[in-house]
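What follows is the residue order along each chain.
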Amino acid sequence: MRLLVIEDEPKVGHAVQEGLQAEGYEVALAETGEDGFFLASSLSFDLIVLDVMLPGRNGLEILAALRKQNSAVQVLILTAKDAIEDRVAGLDAGADDYLVKPFAFPELSARIRALLRRGKSEPVTPLRIGTLEMDSVTRTVLREGLRLELTAREFELLEFLVRNHGRVVSREMLARDVWKEPVRATPLDNVIDVHVARLRKKLDDPFASKLLHTVRGVGFMLSEEIP
Ligand code: CA
């Protein structure tokens, strides 16, 4: 697995690089936005750890430029402050996950493992969240033992939400990973919202406990708890 770390603070950058190398990843480090963007667009990486606050070209600009080139590389952004606007802007720009600085290395490492796992298709079945049971092989979905009849797209949408349960899934992520559209467009957002509404009707309306939540301004989350 090849990772790229784009971080201008040498201490943080080197610590992350060494920590990840110790876990067996091949890790390149770029200390400016320009170098980072050059490496990211000329070499192939499985995942990029991208600091948002960089001199010159900032992390969000780099991310937007990469997505514009149709790069589907997994990107985890490091935001300097716990400001919701930064996270929303990051997810909107196409980030797969974010971590707020300062962070503990084990958390970074765990997020990276989760993202790399998500990147590959894992035939782990059945998937269970509360009273929801989903079998990706037989493509059946049960809620409280009752079978839900889903369209192919609704099934894929639910599967993606289940695999990311407990985490906010942005429309950007759904566009890229479920609809396979690397470029986000407003009409597609509307299509996504319609599918989410249809899925919710089948998944949640007949049952007392709700699983599919809207996270205002960010996206959706499948969770037994209200986010
Ligand atoms: Ca920085």
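From a predicted model like this one, the values you see are computed outputs, not experimental measurements.

Caption draft 1: Quick peek at the sheet that holds strand β10 (residues 169-170). The three strands lie next to each other as β10-β12-β11, forming an open sheet whose pairing is antiparallel. What marks the edges here is a single partner per strand, and that holds for β10 and β11 (212-215). Of the pairings in the sheet, the one linking β10 to strand β12 (residues 219-222) comprises two bridges and is antiparallel in character. Its bridge partner being in β12, S170 is matched across the sheet by G219. Where helix α8 (residues 186-203) meets the sheet, its contacts fall on β11 and β12, and the angle it forms with β11 comes to roughly 145°.

Caption draft 2: The nonpolar core, seen in detail. Grouped together as the largest cluster of nonpolar side chains are 29 residues, with contacts concentrated most on L158, L174, L203 and L222. When contributions to this core are tallied by element, the ones reaching two or more residues are β6 (127-129), β7 (132-135), α6 (152-163), α7 (171-177), α8 and β12. No other element matches α6, which puts six residues into this core. Apart from the residues within four sequence positions on either side, L174 is in contact with L157, F160, V169, W179, I192 and F220. Among the nonpolar cores identified, the runner-up in size contains 20 residues, and L54, L63, A65 and V73 belong to it.

Caption draft 3: Molecular detail of the packing of α6 against α8. With their axes 10 Å apart at the nearest point, α6 and α8 run at an angle of 80° to one another. When the interaxial angle is binned, α6 and α8 end up roughly perpendicular. Note on element contacts: α8 touches α6 through H195, V196, R198, L199, K202 and L203, opposite R153, E154, L157, L158 and L161. Considering only residue class, the contact of α6 with α8 consists of six nonpolar, one polar and four charged.

Caption draft 4: Fine view of the domain arrangement of the protein chain. Per the domain assignment, the segments making up the protein chain are domain 1 (2-120) and domain 2 (127-222). For domain 1 and domain 2, the distance between their C-alpha centres works out to 27 Å. Contact with domain 1, which involves eleven residues of that partner, is made by twelve residues of domain 2. Counting the surface lost from both domain 1 and domain 2, the interface buries some 1000 Å², and carbon and sulfur atoms represent 48% of this. Among the residues domain 1 hides against domain 2, the three largest losses belong to L91, D92 and R118. Together they make up 45% of the total. At the boundary of domain 1 with domain 2, the tally comes to two salt bridges. The salt bridge involving D96 is made with R176; its shortest N-O contact spans 2.3 Å.

Here is what the cut-offs are and how they apply
- Within any chain, residue numbers begin from 1 and follow the written order of that chain's sequence.
- In view of the model being predicted, local features appear only for residues whose pLDDT reaches at least 70, and side-chain atom pairs are presented and counted only at 80 or more, with totals across whole chains, interfaces and linings using the full set of residues.
- For the side-chain quantities, the full set of heavy atoms in the structure was used; hydrogens and water were omitted.
- At least two DSSP bridges between two strands are needed for those strands to be called paired.
- Starting at the N terminus, helices and strands are each numbered in turn, a helix being any DSSP run of H or I of at least four residues and a strand any DSSP run of E of at least two.
- Only heavy atoms matter for contacts: two residues are in contact if any of them lie within 4.5 Å across the pair.
- Convention adopted: a line fitted to C-alpha atoms gives each axis, helices being fitted over their contacting stretch, and angles between N-to-C directions are expressed from 0 to 180 degrees.
- As used here, the term nonpolar core means buried Ala, Val, Leu, Ile, Met, Phe, Trp, Tyr and Cys residues forming a set that is joined through side-chain atoms within 4.5 Å.
- Note on classification: 1.4 Å probe, protein chains only; a residue is buried when its accessible area is under 20% of the maximum for its type, exposed when over 50%, partly exposed between these limits.
- Should an angle fall under 35 degrees it is called roughly parallel, over 145 degrees roughly antiparallel, and 65 to 115 degrees roughly perpendicular, with every other angle called oblique.
- We call Asp, Glu, Lys and Arg charged. Ala, Val, Leu, Ile, Met, Phe, Trp, Tyr, Cys and Pro are nonpolar, and the rest, Gly among them, are polar.
- Where a domain begins and ends is set by an automatic assignment or by a domain database.
- In this description, buried area is defined as the sum, over both parts, of the accessible area (probe of 1.4 Å) that is lost when the two are combined.
- Salt-bridge detection follows one rule: a side-chain nitrogen of Lys or Arg within 4 Å of a carboxyl oxygen of Asp or Glu.

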